[in-house]
Amino acid sequence: MDQDEDRILAAELAALGAVSGGSGRLTGLVAKVLRTNAHEVDLVIALPFDACVRHVATVLERAGRPVASPPVEPGGGTASVRVVAGGGAGGLNPVVVTAWVARGPQDTCTVRLRGAAKEGLIKQRAGEKTATRLAALLSA
C-alpha cells in the first residue's frame, strides 16, 4: 500500500468520525493502524489510449470523488486516475480506487485497477468488492 492511499483513507475516516459526533482526530489515528483490504484487477480495453483514459476517468468519477492521482512517467503512454468511492455496508467505508492506464498494441489499452479500504473487526472486503464492481463497469 502506498503512503498516499493510507493518508487518504485515514483522512476520510477521520472526517466520517467527526461528522458522526466522534473525535475525528482519534478516528484518523486509529485508521492508520487498521489492516487494509486491497485488491487489483488487470483489464484490456479495446479503445485507443486517449479514449480509454476518458472512459476510465468517466466511470471512476461517477463512482466517487476525484483525488490527486499518483504521478506517471512522462512520455504520453501512461495515465492514472484516482477517486475515493463508497464501499462496504451502505457505502460508508471509503475506498481509494486507483487506475493506471497504459497504451497497448493495436488500439487497445491495459488498465490496472486497485481498490484499497481499511478493515475493522467486521471484514467487509470493501477494497476487493469495489475494485471488482468497477472493473465490471469498465469492461461493459
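The structure this text deals with has already been given above.
Residues numbered from 1 in each chain as written. Predicted model: local features only at pLDDT ≥ 70, side-chain atom pairs only at ≥ 80, totals over all residues. Heavy atoms only, no water.

### A word on the overall build of the chain
And step 1. Of the regular secondary structure elements, the chain holds 4 helices and 5 strands.
And step 2. Along the chain direction, N to C, the helices and strands of the chain fall in the order α-α-β-α-β-β-β-β-α.
And step 3. Here the chain, with 140 residues, has 42% of them falling under the buried criterion.
And step 4. Residue pairs in contact within the chain that sit at least 24 positions apart in sequence constitute 57% of those at least 6 positions apart.
And step 5. Accessible surface, the chain: about 7,700 Å² in total, of which carbon and sulfur atoms supply 57%. (Helix = DSSP H or I, 4+ residues; strand = E, 2+ residues; numbered from the N terminus. Buried < 20%, exposed > 50% of the residue type's maximum accessible area, 1.4 Å probe, protein only. Contact = heavy atoms within 4.5 Å. Areas by Shrake-Rupley, 256 points an atom, 1.4 Å probe, with all protein chains shown as cover.)

### Description of helix 4 (residues 126-139)
And step 1. Its 14 residues give helix 4 an end-to-end C-alpha distance of 20 Å, which sits within 8% of 20 Å, the value for a rise of 1.5 Å per residue.
And step 2. Restricting attention to buried positions, one finds in helix 4 the residues A126, G127, T130, A131, L134, A135 and L138. Buried residues of helix 4 fall within an arc of 155 degrees about the axis and therefore sit on the same side.
And step 3. In this fold, the buried residues of helix 4 make contact with strand 1 (35-45), helix 3 (49-63), strand 3 (78-87), strand 4 (93-103) and strand 5 (109-119). (Expected span 1.5 Å × (residues − 1). Arc of directions from axis to C-beta.)

### Overview of the layout of surface pockets
Remark: the empty space left among the atoms is shown by a probe the size of a water molecule rolled over them.
And step 1. One number sums up the size of the largest pocket: a volume of about 170 Å³.
And step 2. Taken together, L13, L16, L34, L92, N93, K118, E119, G120, L121, I122 and Q124 make up the lining of the largest pocket.
And step 3. Among the secondary structure elements, those contributing two or more residues to the lining of the largest pocket are helix 1 (3-19) and strand 5.
And step 4. In the lining of the largest pocket, the residues fall into 6 nonpolar, 3 polar and 2 charged. (1 Å grid on protein atoms, 1.4 Å probe; cavity = no way out; pocket = protein on both sides within 12 Å on 5 of 7 lines; lining within 4 Å. Points joined across faces, edges and corners; volume = space filled by probe spheres on them. Nonpolar A, V, L, I, M, F, W, Y, C, P; charged D, E, K, R; others polar.)

### Here we look at the state of the cysteines
And step 1. Inspection of every chain in the model, using the stated rule, returns 1 disulfide.
And step 2. For C52, the disulfide goes to C109, at an S-S distance of 1.9 Å. Note on the C52 and C109 pair: the S-S dihedral is about 60 degrees, so by sign convention the disulfide is right-handed. Placement of the pair is C52 in helix 3 and C109 in strand 5, with a sequence separation of 57 residues. (Disulfide = S-S within 2.5 Å.)

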